[in-house]
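Residues per chain, in single letters:
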Amino acid sequence: EPTDPERARMMSGPASDELWISTFLQAQAAELGAATNTLLAYGRDLKDFAAWLEHRKTSFEQADRDRIEAYLIDCDAQGLSRATRARRLSAIKQLYRFAFEEGWREANPAIQIKGPGRKKQLPKTLDVPEVDRLLEAARQTGRSPADRIRNTCLMELLYATGMRVTELVSLPVSSARGDPRMLLVLGKGGKERMVPLSPPARDALAVWLEERDKAED
């Protein structure tokens, strides 16, 4: 049974915060194949945290949950964005998870700290004149008349139904025949739903189907 001093020596990590960071980044690169940009971001964030701790005469090895939360509060006071603060916390969490797994720390002080979350914003929408210009551009853009007919059909369907682009391009042609008032769409998770077609969308669909059938004859 090791004594307390022996246990402390067994749990100690690298001798400096710089070595903590470099060892952690090397492991991320070797074991997880982390992208260069990710490693650079981790390095910048952890160096900022290390400098903050050093100013308060402490280190990665000694910092507890209160210290980490105080750092995040300080980041908020500096006016850093939610995204930046969330990224810095993510780097700290990754570092301490690695340190715990390596036996540098007896416990992970960051494991229960929650991030600031993402700021919820309403989606941006186009106004009516912008939609009109978009639809008109579809009617005039394309290498051939057939392309312009197809583009018009695609844009009218997107505008009328609110379908995702992936849902639209994977829609079977058979579901669009017969001048339908509704389309059956296969969405995320294999869920099906019915979407209504506006008269302009139905007209554009009929013209495109006629053009498509001519090209296949």
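Structure first, text after, so check above.
Thresholds, definitions, all that
- Residue numbering note: each chain is counted from 1, following its sequence as written.
- Given that the model is predicted, a residue must reach a pLDDT of at least 70 before its local features are reported, and side-chain atom pairs must reach 80 or more before they are shown or counted; all residues, however, enter totals for whole chains, interfaces and linings.
- Side-chain calculation: all heavy atoms of the structure are included, whereas hydrogens and water are not.
- Working definition: helices are DSSP H or I runs of at least four residues, strands are E runs of at least two. Numbering for both runs from the N terminus.
- Partly exposed describes any residue whose relative accessible area lies between the buried limit of under 20% and the exposed limit of over 50%, with all areas from a 1.4 Å probe on protein chains only and scaled to the type maximum.
- For two strands to be treated as a pair, DSSP must find no fewer than two bridges joining them.
- Throughout this description, the term nonpolar core refers to a set of buried Ala, Val, Leu, Ile, Met, Phe, Trp, Tyr and Cys residues connected via side-chain atoms within 4.5 Å.
- Contacts are assigned to residue pairs with any non-hydrogen atoms lying within 4.5 Å of each other.

So, the side chain of Arg88
Counting through the fold element by element, Arg88 comes out in helix α5 (residues 82–102). The exposure class of Arg88 is buried, given its relative accessible area of 12%.

A closer look at the pairing of strand β1 (residues 182–186)
Residues Leu183 and Val185 of β1 are buried on one face, while the alternating residues Met182, Leu184 and Leu186, pointing to the opposite face, are not. When β1 meets strand β2 (residues 192–196), the two strands line up antiparallel, connected through five bridges. Considered in β2, the bridge of Val185 is made with Arg193. The antiparallel hairpin formed by β1 and β2 contains five residues in its connecting segment, where Gly189 sits at a positive phi of about 70 degrees.

Points about the nonpolar core
In this structure, Leu46, Phe49, Phe60, Ile68, Ile92 and Tyr96 are the most contacted members of the largest nonpolar core, which totals 28 residues. Put simply, the parts of the chain that give this core at least two residues each are α2 (17–31), α3 (36–55), α4 (65–77) and α5. Here Phe60 is in contact with Asp17, Trp20, Ile21, Leu46, Phe49, Ala50, Leu53, Leu95, Tyr96 and Arg105, once residues within four sequence places are set aside. One finds Cys153, Leu168, Val185 and Ala201 within the second-largest nonpolar core, a separate group that totals 14 residues.

Purely geometric numbers; function is a separate question.
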